[in-house]
Amino acid sequence: MSSSPLSSAQAARKALADQLDQIRRDAGLSGLELAARCGWHKSKSSRIARGLTVPSDSDIRAWCTACGSAEKAADLIAVSRTAESMYTQWRDLHRDGMRRVHQKTLPLYQRTRKFKVYASNVMPGMTQTAPYATGLLRSITTFQGTPDDVEDAVKARLKRSRVLHDASHQFALILEEAVLYYGVCDDEALAGQLDHLLGVSSLPNVSVGVIPFRARRTVWPLEAFYAFDESLVAVETLAAEVNVTAPGEIRTYLRAFAELAKIAVHGAEARSRIAKARSALG
């Protein structure tokens, strides 16, 4: 299994660095000569070539021009932007609040036909009620210190979640049992959320699995991730969202999901565990 969800982004950045360094070598320039032509500190070209410094668009243009390959700059800038989109810090994504992110991902949710979601910390986003989402998003806003547009963000999240009730979309959801108990909102909101999850679990296009506390693990608890068909896996870390697009890594996450699904209980047993968590709230 991949050692880190950042590996796709790191590989993309390394590939860009290798391409830039190949252009330098083809031009017959040393790193020092390239830096001098670009007006940079002598170590900058080396740091870019080794993937230690992420080049800006202007850096790429300067590099290509200095090497007599200005025509390659546009394509390399596109490669760089793709690599950067793979790993995006939440503070950057939420710099204008969270509503915009939900609106931006709406088309992805609408075109995806098969969702596979592993939830290790909070309820899957598409299953969240307004009170639960409000408690969660307000905590995130406070922690990140980003603009507070929680009310609008919750509305956008619920709009995005309408696909759950469209039979043309299939959902396989796996939750760690602890998720049913985590108090990311007040008890009343959590009780309502668990009632809602029970209702969601009865939808014909939704499968809900719960991994019991004491289950024998063949796959250890992982970071939460969302698989959209077989084209993208979005991995949620504390600091950033990592978008995995490399086919090999996508297969790794889908394999992990399949193993986690084997550990989980489904059907009546899953609903029983959800109901037990609900009963604990009174």
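What counts and what doesn't
Residues numbered from 1 in each chain as written. Predicted model: local features only at pLDDT ≥ 70, side-chain atom pairs only at ≥ 80, totals over all residues. Heavy atoms only, no water. Helix = DSSP H or I, 4+ residues; strand = E, 2+ residues; numbered from the N terminus. Axes fitted to C-alpha atoms, helices over the stretch in contact; angles between N-to-C directions. Parallel < 35°, antiparallel > 145°, perpendicular 65-115°, else oblique. Contact = heavy atoms within 4.5 Å. Nonpolar A, V, L, I, M, F, W, Y, C, P; charged D, E, K, R; others polar. 1 Å grid on protein atoms, 1.4 Å probe; cavity = no way out; pocket = protein on both sides within 12 Å on 5 of 7 lines; lining within 4 Å. Points joined across faces, edges and corners; volume = space filled by probe spheres on them. Pairing = 2+ DSSP bridges. Buried < 20%, exposed > 50% of the residue type's maximum accessible area, 1.4 Å probe, protein only. Phe/Tyr/Trp six-rings, centres within 6.5 Å; stacked < 30°, edge-to-face > 60°. Lys NZ or Arg CZ within 6 Å of the ring centre and 35° of its normal.

Chemist: Before we go on, may I ask you to explain unusual backbone geometry in this structure?
Modeler: With glycine set apart, most residues show a phi of negative sign, and most peptide bonds adopt trans. In this model, D229 sits at a positive phi of 50 degrees, which is unusual for a non-glycine residue. Take D229: it is sitting in the loop between β5 (225–228) and β6 (232–236).

Chemist: Is there a simple way to explain the packing of helix α7 (residues 99–111) against helix α9 (residues 150–160) in this structure?
Modeler: Packed helices, taken two at a time, are described by the angle their axes make and the gap between the axes. The interhelical angle for the contact between α7 and α9, taken along N-to-C directions, is 5 degrees, at an axis separation of 8 Å. Classified by the angle their axes make, α7 and α9 are roughly parallel. Where α7 abuts α9, its residues R99, H102, Q103, T105, L106 and Y109 lie against D152, A153, A156, R157, K159 and R160. Grouping the constituent residues of the contact of α7 with α9 by class yields 4 nonpolar, 3 polar and 5 charged.

Chemist: Can you walk me through the layout of surface pockets in this structure?
Modeler: Any empty space left between the atoms is revealed when a probe the size of a water molecule rolls over them. Each pocket or cavity is described by its volume, and for the largest pocket that value is around 1,200 Å³. W90, L93, H94, E236 and E241 are the residues nearest the centre of the largest pocket, which is lined by 40 residues in total. Those elements giving two or more residues to the lining of the largest pocket turn out to be α6 (90–93), α7, α8 (130–144), α9, β5, β6 and β7 (240–244). Here the lining of the largest pocket gets 9 residues from one element, more than from any other, and that element is α7. Looking at the lining of the largest pocket, its residues break down into 19 nonpolar, 12 polar and 9 charged.

Chemist: Looking at this model, I keep getting lost on the sheet that holds strand β4 (residues 206–211). Mind explaining?
Modeler: Strand pairing within a sheet occurs via backbone hydrogen bonds; the two strands may be parallel or antiparallel. In spatial order, the strands read β1-β7-β6-β5-β2-β3-β4; together these 7 strands make up an open sheet with mixed pairing. Looking at the sheet topology across the chains shown, the edges are occupied by β1 (87–89) and β4. Taken pair by pair, the neighbouring strands of this sheet meet at an average axis angle of 15 degrees, ignoring direction. The pairing of strand β2 (residues 114–119) with β5 spans 4 bridges and is classified as antiparallel. Residue pairing for β5: Y118 is matched across the bridge by F225. Contacts from helix α11 (residues 247–263) reach β2, β3 (170–176), β4, β5, β6 and β7 within the one sheet, and its direction differs from that of β2 by about 65 degrees.

Chemist: Any chance you could explain the pairing of β7 here in plain terms?
Modeler: Along a regular strand, successive side chains alternate from one face of the sheet to the other. Summarising burial for β7: 5 of the 5 residues are buried, a large majority. The alternating pattern of β7 places A240, V242 and V244 and E241 and N243 on opposite faces, both of which are buried. Two elements, β1 and β7, share 3 bridges in a ladder whose sense is antiparallel. In the strand pairing of β7, Y87 is matched with V242. Here β6 folds back onto β7 in antiparallel fashion, the turn holding 3 residues.

Chemist: Would you mind going over the packing of aromatic side chains with me for this structure?
Modeler: Geometry of an aromatic ring pair is reported as the spacing of the ring centres plus the angle between the planes. Applying the stated criterion to the full structure yields 8 aromatic pairs. On the numbers, 6.3 Å between centres and 45 degrees between planes, the contact of W40 with W63 is tilted. In this pair, W40 sits in the loop between α2 (31–38) and α3 (44–49) while W63 sits in helix α4 (residues 57–66), placing the two residues 23 residues apart along the sequence. W63 matches W40 in its accessibility class, with the two residues each being buried. When the centroid spacing of 5.7 Å and the interplanar angle of 40 degrees are considered together, the rings of Y181 and F213 count as tilted. Taken together, the residues span a long stretch of sequence, with Y181 in the loop between β3 and α10 (187–201) and F213 in the loop between β4 and β5 at a distance of 32 residues. Of the aromatic side chains, those joined through ring pairs into one cluster are Y109, F115, F171 and F228. Positioned over the ring face of W40 is K44, at 4.6 Å from the centre of the ring.

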